[in-house]
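# Survey of secondary and tertiary structure
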Amino acid sequence: MMNMEHKLAVIVRRIGGKAGYDVSVRDPEATVEDYLAVLDRAILELPLDRGRAPGRGSCAGCDRCCAERLPLTWIDCLNLKTAVAPEAGLADFLAAYAHVLVDGPAVDIILAAGADGSCCLLDHQTRTCRTYHARPLVCRTFICCPSTTRARRLRAVLTNRGEDELVRQWLLDARRSRQPPLIHEGSSPRPRLGDWPPTPFAGCSAYREVALRAVCPPDLWRALTAGSTFAH
Ligand code: SF4
Ligand code: SF4
């Protein structure tokens, strides 16, 4: 079995008869960027069974997961803005590249899709990502293979808390500019800043600044660090 270790380990596991993966934290100081870096390598190098593209040895050159719901985090927006619209403010970036859905108090901010339903950042000629090195966390952490519960929970927690911070920043931006927040699609929209308290992503502008431990609920942190030598 091939594994990858650093501050985190990505471990190949047989799950339901397929080669899937597990994630384990080996260093209490591990950051979100450490997690993303080890998964970046796993995507390219680990022998995982890719359910949507059977027989593929890696994700390179495949776009079969580029037409999903793609929730954005606050740091995703900063990275993407630098890559595709460095002069734009947050509202202008979201207007051009995102889709903001508001249903009552609930808010979802996702990457915009083109007419064919695929991501607006997909190059239709080459079928590759136009912003591969700045692609969102949800893209950097998806492999179409089985994974363990703790690996799935970690990905979901980071995506959700990172998106919560983006919603907070979207509302703060609207307040600063004294404009109503940009909404592409709404049903009785009533978003309130008070519903979106600061998250561990607040004040951070890069994933290396966010400690995994700060984002994980205690039970998930215990599960991710089970068997590690450092004290919980
Ligand atoms: S994870 Fe996405 S890019 Fe990778 S093989 Fe599966 S469908 Fe293709
Ligand atoms: S950002 Fe890139 S990798 Fe992610 S869905 Fe869009 S084209 Fe695919």
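Residue positions are counted from 1 within each chain, in the order its sequence is given. Key to labels: chains lettered from A, ligands numbered from 1, both in the order written. The model is predicted, so local features are restricted to residues of pLDDT at least 70 and side-chain atom pairs to those at 80 or more, both for listing and for counting; the totals for chains, interfaces and linings are taken over all residues. Water and hydrogen atoms play no part in the side-chain values, which are based on all heavy atoms of the structure.

### Describing the site of ligand 1
We define proximity as follows: a residue is near a molecule or strand when any one of its heavy atoms falls within 4 Å of that partner. Every residue lining ligand 1 is accounted for by Arg50, Arg52, Ala53, Cys59, Cys62, Arg64, Cys65, Phe142, Ile143 and Cys144. Any residue with an atom within 4 Å of a point lines the site, the site being either a cavity, points on a 1 Å grid over the protein atoms alone where a 1.4 Å probe fits but cannot get out, or a pocket, an open set with protein on both sides within 12 Å along at least 5 of 7 lines. A cavity or pocket is said to hold a molecule if more than half of that molecule's atoms lie within 2 Å of its grid points. Of all the cavities here, the one that holds ligand 1 is the largest pocket. Ten residue types, Ala, Val, Leu, Ile, Met, Phe, Trp, Tyr, Cys and Pro, are classed as nonpolar, four, Asp, Glu, Lys and Arg, as charged, and the remainder, Gly among them, as polar. When its residues are assigned to classes, the shell around ligand 1 shows seven nonpolar, no polar and three charged.

### Focus: the site of ligand 2
Lining the immediate environment of ligand 2, one finds Cys66, Leu70, Leu111, Cys119, Leu121, Leu122, Cys129, Arg135, Pro136 and Cys139. Judged by the proximity of its atoms to the pocket grid, ligand 2 belongs to the largest pocket. Taken together, the residues that form the shell around ligand 2 break down as nine nonpolar, no polar and one charged.

### Topic: the packing of aromatic side chains
When the centres of two rings from Phe, Tyr and Trp lie within 6.5 Å, Trp using its six-membered ring, the rings pair. Their planes under 30 degrees apart give stacked, over 60 give edge-to-face, and anything left gives tilted. All told, the structure shown has two aromatic pairs when counted by the stated rule. Seen from their ring centres, Phe93 and Tyr97 are 5.4 Å apart, and the 20° between their planes marks the pair as stacked. You can see Phe93 and its partner Tyr97 sitting in helix α3 (residues 90-97), four residues apart, about one turn around the helix. In this pair, the class of Phe93 matches that of Tyr97, namely buried. Taking 6.4 Å as the distance between ring centres and 85° as the angle between the ring planes, the aromatic pair formed by Phe201 and Tyr207 counts as edge-to-face. Tyr207 shares its class with Phe201; the two are buried. The ring of Tyr132 carries Arg135 above its face, with NZ or CZ at 3.8 Å from the centroid. Note on conventions: DSSP H or I runs of at least 4 residues are helices, E runs of at least 2 residues are strands, and numbering of each starts at the N terminus. Relative accessibility under 20% of the residue-type maximum defines a buried residue, over 50% an exposed one, and the middle range a partly exposed one, all with a 1.4 Å probe and only protein chains included. Charge-over-ring contacts are defined here by two conditions on Lys NZ or Arg CZ: a distance within 6 Å of the ring centre and an angle within 35 degrees of the ring normal.

### What about the layout of surface pockets?
Grid points are joined across faces, edges and corners, and a volume is the space filled by probe spheres set on the points. Taken as a whole, the largest pocket holds about 580 Å³ of empty space. Those elements that provide at least two residues to the lining of the largest pocket are α1 (32-45), β7 (128-129) and α4 (137-140). Here the second largest pocket defines a volume of roughly 230 Å³. Lining the second largest pocket are 15 residues; nearest its centre among them are Thr141, Phe142, Arg152, Arg155 and Ala156. Ranked by residues supplied to the lining of the second largest pocket, first place goes to helix α5 (residues 149-177) with six residues. Across the lining of the second largest pocket, the residue classes break down as seven nonpolar, four polar and four charged.

Any functional reading would require information that these geometric values do not contain.
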